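# Report on the structure
What follows is each chain in one-letter form.
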Amino acid sequence: MTQHSLGEFEELVLLMVAALHDEGYGVTILENLEEKLNKKVNISAVHVALKRLEDKGFVKSRFGGITEDRGGRRKKFYVITALGKRMLDAQYELRTSIYKQIPKISFG
Amino acid sequence: MSPPKKALAFLRWFCREDYLEEIEGDLTEVFKKHYQISPHKAKWKFAWSVIRYFRPEFIKSFRNSYQPDSYGMYKSYFKVALRNLWRYKGYSFINIFGLSIGIAAALLISLWVQYQLSFDDFHVNKQRIVMVMKKTFFNNVKGTQTGIMLPLYDELKGNYPEVKHITRLDWGNWHGLNVGEKKMGGSGHFADPDFLKMFTFPLVKGNVDNVLKEPYSIVLTESLAVALFGEEDPIGKMILVDNAHNVTVTGILKDVPTNSSISFQFLLPYELNVLTSEFVRKAKDQWQNNFLQNFVELNDGVSATTFSDRIEMIERNKSGDKKASTLFVHPMERWHLYSRFEDWVNTGGAIESVRMFAIIGLLVLAIACINFMNLSTARSEKRAREVAIRKTIGSQRKQLIVQFLGESLIVTFIAFIISLPIIHLSLPALAGVGFENVQVEWNNISILSITLAGVILTGLIAGCYPALLLSRFTPVRVLKGPVHGGKSADLPRKILVVTQFTFSITLIISTIIVFRQIQHAKDRPLGYTPDNLISIYLSPDLLKNYQPLKNDLLATGYVEAISRASSPMTDIYNDWDGFTWEGKDPNSNPIFSAILVDYDYDITSGIRLKQGRFFSPEFVTDSTALMINEAAMKVMGFETAVGNVVKYWDAPMTVIGVYENVVMDDPFQPVGPAVMMLSSSFRVQGFIRIKDNVDLRKALAAIKPVVERYNPSSAFDYRFTDEEFAKKFSQANQTGQLAGIFTVLSVLISCLGMFGLASFMAERRTKEISIRKVMGASHLQLWKMLSRDFVVLVIISCFIALPTGYYFMNNWLQRYEYRTDISWWVFLVTGASALAITLLTVSVQTIKATLMNPVKSLRSE
């Protein structure tokens, strides 16, 4: 394992940042997550996760253009870092390897 | 369609700047989307989201965002203040220690005062509850008493619509309470069902409408119930009262608070008293038999004064006696603090002690404040340079005043913190002098805020004078060379020292006189011998077997004599009128204390005969004989009393002897006229005189089984007469001891201040002393020179304090009929000891200064 751990919600946000590659900012990440998870998520939760991911070095951010919708404030776009990608890969590998160990069971 | 302003402002206030734009932007975007669906919900959601950002990761660091200008200045003040405290540790100690003792004393006294003021405060109906009292006129003396007649209850209850609730109440007695084999007892009252409806003594179990209704029932307090029944539910259980009446427990009360004028462990229905006592039954129609209390809760809108007017004449109208006493009511708020009546006028009571101690507390605090002022101004030149530099840099006087006031607030606050453990440690030690029920309730917001306000006020008062003085320095003069800025403060400082010592010396005089007065009353001839005398209550069983009991007790060999009477040696139970004799002024109706006695009362109690003889079984005629005391002889105007006939109503009685006045009632009052009769009724007080020179413990061990043999229903219970007598002084002793403690404190604090001043003076005059020494001055001369200033101040204080003390204490003594004189030596001793203490305090410093090597201090220039 790497020295930083990843919470469940953090992992989801990180995945979403990776999926939206360079187009992801607070609101898009929120909406996409809500759609996938099929439940309401508070924007503040997304921000908390994003700040933590940035502190851990899994994502980096840049300011984007101004739009009318935001009352003149800039968007902050997030993009996954190499470290973040490695972290996701490691998580994925870990899960799949354990998943594969599950014997064939039938719940039929 | 903009987001809620307040939420946004809040977000902007707390949120980190580097996150703010992103969060605000995202929030607004989300808000706008939600707004299309439901504007109302969107606003709530926005606000809720903002609140959710209020967490450590998003809150900006306020530490780095202060406004550096004004706050930094305060920081500098604070730092300088602490540095100064630290640098002059001795002065700081004197300042802070003196102030903390002063604050502790003042706080302790305010706690006590608050406790005294809280009496009966817990009754919800306190504004409407009154006690019925009566004004009497006997011996040309206007008296006031709480004892009233029994029929008044039915009269007030039935015919006076002003009365909402009314209860009778006896004086409260010890009653035996037996549960099965368990024998216990406690003090309780007989009361009517309304008692619990008008007074706020909440029931834990039982219904307020039912308890005390059925005559054979009882209501216990929680702690008594636990003592009697343990964990069991007491409701419905039987208790045998006084070994005679079976009653059922119908209710449990919360324990009576200590700040209650009425206190008891259990309540019995007054109807039980009526059913079981023939005396009470007979009193049903007696309008002039006063033996119980009545309490009334008035209806809304009825004032105590109007009700007093309404009931004033009841006794006269009912008894037909035009000279009978008049009735009035005393409101509950005045029961504890204003209980004393003089000539029918409600003149005071505990409120006087409350006022006296409040003043003492303020004085002690003032003395501590003066210390602070004096030491600050005396050392002002040490701070002169700092002031000058601050002014040069641009400080205004106002700012400097703020600085020095702030310093004194810091010192006061430190002193306050230190006073808290002092209070906590001294509270248990003060338990014996009236503080046993005083508690510190810091969780009470109002007490806490009043205390803090007091502390701040103290700091401001102590600090205002030094602040004004210190901020006055002109920079040019200070910076040019060394100044004696303190010179201008010399006179005020002297005045303050004189004030301090005037307070302290007055307190010393007052305390000495209070103790002298108590001792005076303790030392007065009592007219009997209280040592080795024990009294027991003669229960019906003991009365029946009195003769064998007496014989058996005498046979133990430890008992000198045994007798019985209607009242104990330390109290008067009966005041009778109706005595006539030859030559009596027909218009006067003097009242006599009456004691019904048995043979041997004289040798048992040790009363002293002046004329004639005591009752003796050898004279059959003694059943109509009378003993009188000296005061009675004076009232009757007899030259030789023996042989004279005195009529009690219609019965003629012959005086057979005169005895020395016996102090039974108030030891501070003269003994009133008293008579003794040989009578078999009411003699329930047994007296046992134990032989001199025997071991008391062995004697008691021998007496106990004898008494218990004849009185199997309860345990041997006895009182030492000398101890009972000493109890009469407990109130006075408490006052004296408390005054003594605070006097010592005030002297201590004054001396601390003087010690500090002396050390400062010695330091300031170091060079002068050295030069004088070089010139050949002796140690004694130097010591005299340095001490003189202080001695003069203390002598001036003496001249102010002695007459002041005389004036106040003379007034105080007028309260007591039997009082000590204020002799000159009290003043001499006080003055001399004040001087001695001063010299002792000052000499520590002056001797140190004179012993110094002059080379060391002169070398530096």
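Reading the values: rules and limits
- Counting from 1, residues in each chain are numbered in the order their sequence is written.
- Chains and ligands are labelled sequentially in the order written, the chains with letters from A and the ligands with numbers from 1.
- Whole-chain, interface and lining totals are the exception, using all residues; otherwise, since this is a predicted model, local features are given only for residues with pLDDT of at least 70 and side-chain atom pairs are given and counted only at 80 or more.
- Each side-chain value is worked out from all heavy atoms of the structure, with water and hydrogens disregarded.
- A strand pair is defined by DSSP finding two or more bridges across the two strands.
- By the criteria applied, helices consist of DSSP H or I runs no shorter than four residues and strands consist of E runs no shorter than two, each listed in order from the N terminus.
- Contacts are assigned to residue pairs that have any heavy atoms within 4.5 Å of one another.
- Orientation is described by axes fitted as lines to C-alpha atoms, over the contacting stretch for helices, and by angles from 0 to 180 degrees between their N-to-C directions.
- Side-chain atoms within 4.5 Å link the members of a nonpolar core, which is a set of buried Ala, Val, Leu, Ile, Met, Phe, Trp, Tyr and Cys residues.
- We call a residue buried when its accessible area falls under 20% of the maximum for its residue type, exposed when it is over 50%, and partly exposed in between, using a 1.4 Å probe and counting protein chains only.
- Cavities and pockets were defined on a 1 Å grid built over protein atoms only: a cavity is a set of grid points that admits a 1.4 Å probe from which the probe cannot escape, a pocket is an open set flanked by protein on both sides within 12 Å along at least five of seven lines, and lining residues are those with an atom within 4 Å of any such point.
- Grid points are joined across faces, edges and corners, and a volume is the space filled by probe spheres set on the points.
- The quantity reported as buried area is the accessible area (1.4 Å probe) lost by two parts once they are put together, taken as the sum for both.
- Salt bridge criterion: a side-chain nitrogen from Lys or Arg within 4 Å of a carboxyl oxygen from Asp or Glu.
- Any N or O atom pair separated by 3.5 Å or less is treated as a polar contact, with the protein-specific requirement of one donor-capable and one acceptor-capable atom, and with residues adjacent in sequence counted only for side-chain atom pairs.
- Patch membership needs two things, relative accessible area over 30% and no salt bridge, and members are linked within 9 Å if like-charged or within 5 Å if nonpolar (Val, Leu, Ile, Met, Phe, Trp, Tyr).
- In these tables, accessible area is a Shrake-Rupley quantity obtained with a 1.4 Å probe, and a residue counts as shielded only by the protein chains included in the view.

### Side note on the sheet that holds strand E3 (residues 74-80) of chain A
Sheet strands line up and pair through hydrogen bonds in the backbone, either parallel or antiparallel. Taken in spatial order, the 3 strands make up an open sheet running E1-E3-E2 (chain A), and their pairing is antiparallel. Of all strands in the sheet, those bounded by a partner on one side alone are strand E1 (24-25) and strand E2 (59-66) of chain A. Of the pairings in the sheet, the one linking E2 of chain A to E3 of chain A comprises 6 bridges and is antiparallel in character. Residue Ile 66 of chain A lies in a different strand from E3 of chain A, and its bridge partner there is Arg 74 of chain A. Along the sheet face, helix H1 (residues 8-19) of chain A touches E2 and E3 of chain A and points at about 100° away from the line of E3 of chain A. Those strands touched by helix H2 (residues 17-37) of chain B are E1, E2 and E3 of chain A, and its axis lies near 105° from that of E3 of chain A.

### Digging into the nonpolar core
Residue and element names in this part refer to chain B. By size, the foremost hydrophobic cluster in this structure holds 61 residues, and its most contacted members are Tyr 601, Phe 615 and Met 676. In contact with Phe 615, other than residues within four places in its own chain, are Val 597, Tyr 599, Asp 622, Ala 625, Leu 626, Met 627, Ile 656, Met 676, Met 677 and Leu 678. Within the second largest apolar cluster, 43 residues are counted, among which are Leu 85, Val 354, Leu 430 and Val 440.

### Some remarks on empty space enclosed by the protein
Residues and elements named next belong to chain B. For the structure shown, the criterion picks out 3 cavities of 30 Å³ or more. By volume, the largest cavity amounts to about 280 Å³. The set of elements that each furnish at least two residues to the lining of the largest cavity consists of helix H4 (68-87), helix H5 (89-117), helix H13 (350-378), helix H15 (397-429) and helix H16 (445-470). Tallying contributions element by element places H15 first for the lining of the largest cavity, with 5 residues. Quantified by volume, the second largest cavity comes out at close to 60 Å³. Taken together, Phe 501, Ser 504, Ile 505, Ile 508, Val 747, Ser 750, Cys 751, Ala 834, Ile 837 and Thr 838 form the lining of the second largest cavity.

### Looking at the side chain of Glu 24 of chain B
Relative to the helices and strands, Glu 24 of chain B is located in helix H2. Beyond its immediate chain neighbours, meaning those up to four positions away, Glu 24 of chain B contacts Arg 73 of chain A together with Leu 8, Leu 11 and Arg 12 of chain B.

### A look at the interface of chain B and chain A
Think of interface size as the accessible area that goes away when the parts come together; that is how it is often given. At the interface, 24 residues of chain B touch 24 residues of chain A. For the chain B and chain A pair, buried surface summed over both sides reaches about 2100 Å², with 49% attributable to carbon and sulfur atoms. The largest per-residue losses of area from chain B upon contact with chain A belong to Glu 21, Glu 22 and Glu 29 of chain B, which jointly make up 30% of the total buried on that side. Across the pair Glu 22 of chain B and Lys 51 of chain A runs a salt bridge whose closest N-O atoms are separated by 2.7 Å. Across the chain B-chain A interface, the total number found is 12 residue pairs in polar contact (both at pLDDT 80 or more). Among the elements of the structure, helix H1 (5-14), H2 and helix H3 (39-53) of chain B are those that each provide at least two residues to the side of chain B that touches chain A.

### Things to note about the pairing of strand E23 (residues 645-648) of chain B
Residues and elements named next belong to chain B. Pairing of strand E19 (residues 579-581) with E23, which is carried by 3 bridges, proceeds in the antiparallel orientation. Within the sheet, the bridge partner assigned to Phe 579 lies in E23 and is Tyr 648. Strand direction decides the pairing type here: E23 and strand E24 (residues 651-659), joined by 4 bridges, are antiparallel. Bridge pairing links Val 646 to Met 653 in E24. In sequence, E23 turns back onto E24 through a hairpin of 2 residues, with Trp 649 there showing a positive phi of about 50°.

### Quick word on the pairing of strand E17 (residues 559-565) of chain B
Residues and elements named next belong to chain B. For E17, the tally of buried residues reaches 6 of 7 residues, placing the bulk of the element in the interior. The pairing of E17 with strand E26 (residues 685-690) spans 6 bridges and is antiparallel. Looking at E26, one finds that Ile 562 is bridged to Ile 688.

### Side note on a nonpolar patch on the surface
Residues and elements named next belong to chain A. A contiguous nonpolar surface patch, about 540 Å² in accessible area, is contributed by Tyr 99, Ile 102, Ile 105 and Phe 107. Mapped onto the fold, Tyr 99 is located in helix H4 (residues 82-100). On the basis of relative accessible area, Tyr 99 is assigned to the exposed category, the value being 60%.

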